[in-house]
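Okay, here's what each chain looks like letter by letter:
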Amino acid sequence: MSDDTGRSELQGVGGWLGFLVFVLGILSPARMLFQTIANIRETAIMGQVLGPNASIYIQFSWALVAASAAGSIFLAYRLLAVHRWSSVRIVLIGLWCLASIPTLIDALAGSILFPEFVGAIVPEALWSAAKSSISATIWTAYLMKSKRVANTYIKDNDETQRIFG
């Protein structure tokens, strides 16, 4: 088998790369939505204990999940639509941002709105960010080492220079 045949077999959005696009575009936003619905139900049930800040927290949670889901869908779109190496860089940065920033922002908001529960909020947020970081680490290794990714996304030095200086 020649190198050209092997290259063409491992090109395009398919295999694990296709699965990553599916995860980013469908599974992650759906998981975020269902997890937020569960958290909001729990917050609403505990509304008497939490006080008036519960409604503020619920609105904040919806805004945070909307932004996170939009970011995840954008990363999937970028991998599908723009086959340049800058897409891989953007996705790598996005994966790490989505792995930690929303969880930490949620923990900060919960700690400010419900200071009496900081002891429970912070460890849970750190554990959640750690679990998400494991996933981001695995996908980072895949994106950096995959032949399919290297064959699909063109490394254009002029583009890199123009975007990143």
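What counts, and where the lines are drawn
- Residues numbered from 1 in each chain as written.
- Predicted model: local features only at pLDDT ≥ 70, side-chain atom pairs only at ≥ 80, totals over all residues.
- Heavy atoms only, no water.
- Helix = DSSP H or I, 4+ residues; strand = E, 2+ residues; numbered from the N terminus.
- Buried < 20%, exposed > 50% of the residue type's maximum accessible area, 1.4 Å probe, protein only.
- Contact = heavy atoms within 4.5 Å.
- Areas by Shrake-Rupley, 256 points an atom, 1.4 Å probe, with all protein chains shown as cover.
- 1 Å grid on protein atoms, 1.4 Å probe; cavity = no way out; pocket = protein on both sides within 12 Å on 5 of 7 lines; lining within 4 Å.
- Points joined across faces, edges and corners; volume = space filled by probe spheres on them.
- Nonpolar A, V, L, I, M, F, W, Y, C, P; charged D, E, K, R; others polar.
- Expected span 1.5 Å × (residues − 1).
- Bend = angle between axes of the 7 residues up to and from the residue.
- Core = buried A, V, L, I, M, F, W, Y, C linked by side-chain atoms within 4.5 Å.
- Patch = residues over 30% accessible without salt bridge, like charges linked within 9 Å, V, L, I, M, F, W, Y side chains within 5 Å.
- Salt bridge = Lys/Arg side-chain N within 4 Å of Asp/Glu carboxyl O.

J.: Just checking my understanding: could you explain the overall build of the chain for this structure?
T.: For the chain, the helix and strand inventory stands at 8 helices and 0 strands. Going residue by residue from the N terminus, the α and β elements of the chain occur as α-α-α-α-α-α-α-α. When the 165 residues of the chain are sorted by exposure, 35% land in the buried category. Residue pairs in contact within the chain that sit at least 24 positions apart in sequence constitute 78% of those at least 6 positions apart. Surface summary for the chain: the accessible area is close to 9900 Å², and the carbon and sulfur share equals 65%.

J.: Looking at this model, I keep getting lost on the layout of surface pockets. Mind explaining?
T.: Sizing a probe to match a water molecule and rolling it over the atoms shows the empty space that remains. Quantified by volume, the largest pocket comes out at close to 1400 Å³. Those elements giving two or more residues to the lining of the largest pocket turn out to be α2 (15-45), α4 (53-81), α5 (85-113) and α6 (118-145). Among the elements that make up the lining of the largest pocket, the one with the highest residue count is α2 (12 residues). Among the residues forming the lining of the largest pocket, the class breakdown is 22 nonpolar, 13 polar and 5 charged.

J.: How should α2 be read in this particular structure?
T.: Helical geometry note: an α-helix holds 3.6 residues per turn, so side chains three or four residues apart project in the same direction. Taking 1.5 Å of rise per residue, 31 residues should cover 45 Å, and α2 covers 43 Å from first to last C-alpha, within 8% of that figure. At Val 23, α2 shows its largest bend, some 45°. Taken together, the buried positions of α2 are occupied by Leu 17, Leu 20, Val 21, Val 23, Leu 24, Ser 28, Pro 29, Met 32, Thr 36, Ile 40 and Thr 43. Among the structural elements, α3 (47-50), α4, α5, α6 and α7 (147-152) are those in contact with the buried residues of α2.

J.: It is not clear to me how the nonpolar core should be interpreted in this structure. Could you clarify?
T.: If you look at soluble globular proteins, the nonpolar side chains tend to sit buried side by side. Leu 24, Leu 79, Leu 143 and Val 149 are the most contacted members of the largest nonpolar core, which has 17 residues in total. Counting residues per element, the ones that place at least two in this core are α2, α4, α5 and α6. It is α5 that provides the largest number of residues to this core, a total of 5 residues. Among all residues touching Leu 79, those that are not within four sequence positions of it are Val 13, Leu 17, Leu 20, Val 21, Leu 24, Val 91 and Tyr 153. Formed by 5 residues, the second largest nonpolar core is a distinct cluster that contains Ala 54, Tyr 57, Leu 113 and Phe 114.

J.: Got a minute to help me understand a nonpolar patch on the surface in this structure?
T.: A surface patch of nonpolar side chains, about 510 Å² in accessible area, is lined by Trp 16, Phe 19, Phe 22, Ile 26 and Leu 27. By the element assignment, Leu 27 lies in helix α2. Judged by relative accessible area, which is 39%, Leu 27 ranks as partly exposed.

The values are spatial; any link to function lies outside them.
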